[in-house]
Amino acid sequence: MEQMDLLLTGIGCLATPAGDVLRSGKEMQEIQEIKDAAIAIQGGRIALFGAEADVRNKLKGAAITETLDAGGRLVTPGLIDPHTHLVHGGSREHELALKRSGVPYLTILAQGGGILSTVQATRASSEQALYEKAYRSLDTMLMQGVTTVEAKSGYGLSLEEELKQLRAAKRLNETHPVDVVSTFMGAHAVPSEYKGRTDAYVDLVCAMLPEVAQEGLAEFCDVFCEQGVFTVAQSRRILLEGRRLGLMPKIHADEIEPLGGAELAGEVGAISAEHLLAASDEGLRQLAKGGVIPVLLPGTSFNLGMNKHARAREMIDTYNLPVALSTDYNPGSCPTESMQLIIMLASLNLKMTPEEILTACTINAANAIGRGRQIGSIEIGKRADLSLFDAPNLAYLPYHFGINHTFGVIKNGQPLVWDRQMIYAQAGKGESVS
Ligand code: IZC
Ligand code: ZN
């Protein structure tokens, strides 16, 4: 312990999942809480943490480059958002009145709006414009305490246009301090030029996969398996072909209709299955059997005005599943970058406890994007990704709602946000947008 880059002192409450690996069922409730704590960081990683008196004792004689006082605040692992449609052109507020008058999400899509409206706007945007728009969203996420996000393509729906979105995401990962993990989702909708010829479009998606894989532009392959979009058989074809080429399957499953997406997730060994509002009992059993992580998106059901919610309590209590949470940030069904809103909705509508919610937004979210060994908990050797909240304890986050609690964010040991101000211009990975 001869030298430390950063010592974070004065932590009123340090809260982290108690284990550094995926947490299932009852384990989700197990949170390690340390009062009056400190964290020592070296080389971007957590070197030491615990009660401040103990940490200081162990550091006796060590040179400490910088010390920051957390001022008695709550410190958690950096939040992780494992399901977003980050990179896209335009917005869809023109559909708001239609939506509020009761026209269903899938009807708007079938009429050529919804996702297809964003496809038009994305195709009309340059890679640079997509990059700049998403960069600002990443800033918003960072200010919410988020340090890693997953980003899906799926608004290009042709090889070139999908690659454009994926390249923008790759550059975001290289230049924005928030880490961006990419998913190819060519099977997000059937583009209008393939209307009525879904199987031909599935052929095209399968033909896109080799280039996506060879260029290393995505780690995962996702499909919107839903009534009127892609069937279970079509989804299976795409996910298996992706898997063969090294892209791990993910699936938008049983969001609106119980098609059997959850069962398919278990069958193909998907890393995660998303939404699951309509998943059957058998589907939930197959998730548990296949080791699939259910990623729940309560912002989407909230914003679509659905009075139905994913069965989080049963998933945790009965099926012993490792639930994760995410925003689903997208311009249609969930236009918000706010993980803190999701934390509130997970409490209100999914009846998850504050401890389960933290687990779902950190270690389980990390595992849903294949990063469970590097991030998602405060453990010696893990990356020093930390969020500081103006809150006395964990339960305060879902309790005091509608505001941003984030006081500070540390990423790879670098303070990016402090005293509610973005300070990362000097600390970022490289170039900034302007
Ligand atoms: O743009 O509507 N559900 N895909 C599946 C979405 C929502 C995103 C969108
Ligand atoms: Zn989605």
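The following refers to the structure shown. (Residues numbered from 1 in each chain as written. Chains lettered and ligands numbered in written order. Predicted model: local features only at pLDDT ≥ 70, side-chain atom pairs only at ≥ 80, totals over all residues. Heavy atoms only, no water.)

A word on the packing of helix H8 (residues 232-244) against helix H9 (residues 261-268)
Our working definition: The convention used is that axes are lines fitted to C-alpha atoms, helices contributing only their stretch in contact, and that angles between N-to-C directions extend from 0 to 180 degrees. Each helix corresponds to a stretch of at least 4 residues labelled H or I by DSSP, and each strand to a stretch of at least 2 residues labelled E; elements are numbered beginning at the N terminus. Throughout, the term roughly parallel applies to angles under 35 degrees, roughly antiparallel to angles over 145, roughly perpendicular to angles from 65 to 115, and oblique to all others. By definition, turning the near helix anticlockwise from the far helix through less than a right angle yields a left-handed crossing, and turning it clockwise yields a right-handed one. We call two residues in contact when some of their heavy atoms are within 4.5 Å. When residues are sorted by character, Ala, Val, Leu, Ile, Met, Phe, Trp, Tyr, Cys and Pro go into the nonpolar class, Asp, Glu, Lys and Arg into the charged class, and all the rest, Gly among them, into the polar class.
In contact at an axis separation of 11 Å, H8 and H9 are set at 25° when each is read in the N-to-C sense. On the basis of the axis angle, H8 is roughly parallel to H9. Note on packing geometry: the crossing formed by H8 with H9 is right-handed. Facing H8, whose interface residues are Val 232, Ser 235, Arg 236, Leu 239, Leu 240 and Arg 243, H9 presents Gly 261, Leu 264, Glu 267 and Val 268. Classifying every residue of the contact of H8 with H9 gives 5 nonpolar, 2 polar and 3 charged.

Remarks on the site of ligand 1
How we decide: Nearness of a residue to a molecule or strand requires only that one of the residue's heavy atoms be within 4 Å of it. Two N or O atoms form a polar contact when they lie within 3.5 Å of each other; inside protein one atom must be a possible hydrogen donor and the other a possible acceptor, and for residues adjacent in sequence the pair counts only when both atoms belong to side chains. We get accessible surface area from the Shrake-Rupley algorithm with a probe of 1.4 Å; when it comes to residues, only the shown protein chains can shield them.
Residues in close proximity to ligand 1 include Arg 92, Tyr 105, Ile 115, Tyr 155, His 188, Phe 224, Asn 330 and Ser 333, which together make up its full environment. Separating an oxygen atom of ligand 1 from a side-chain N or O atom of Tyr 105 is a distance of 2.4 Å. One of the side-chain N or O atoms of His 188 is found 2.7 Å from a nitrogen atom in ligand 1. Calculation on ligand 1 without its partners gives an accessible area of 270 Å², and the protein chains cover 100% of this total. Partitioned by chemical class, the residues of the shell around ligand 1 number 4 nonpolar, 3 polar and 1 charged.

Topic: H8
We count it as follows: Here the expected span of a helix is defined as 1.5 Å times the quantity of residues minus one. The buried label applies to any residue whose accessible area, calculated with a 1.4 Å probe on protein chains only, is under 20% of its type's maximum; exposed applies above 50%, and partly exposed to all values in between. Throughout, the arc means that of the directions going from the helix axis to the C-beta atoms.
With 13 residues, H8 ought to run about 18 Å at 1.5 Å a step, and its terminal C-alpha atoms sit 18 Å apart, in line with that. Buried within H8 are the following residues: Val 232, Gln 234, Ser 235, Ile 238, Leu 239 and Gly 242. Projection of H8 onto a plane perpendicular to its axis shows the buried side chains occupying an angular sector of 160°, all on one side. For H8, the secondary structure elements touched by its buried residues are strand E8 (179-187), helix H7 (198-214), strand E9 (220-225), strand E10 (248-253) and H9. Once H8 finishes, Gly 246 follows within two positions and takes phi at roughly 95°, a positive value.

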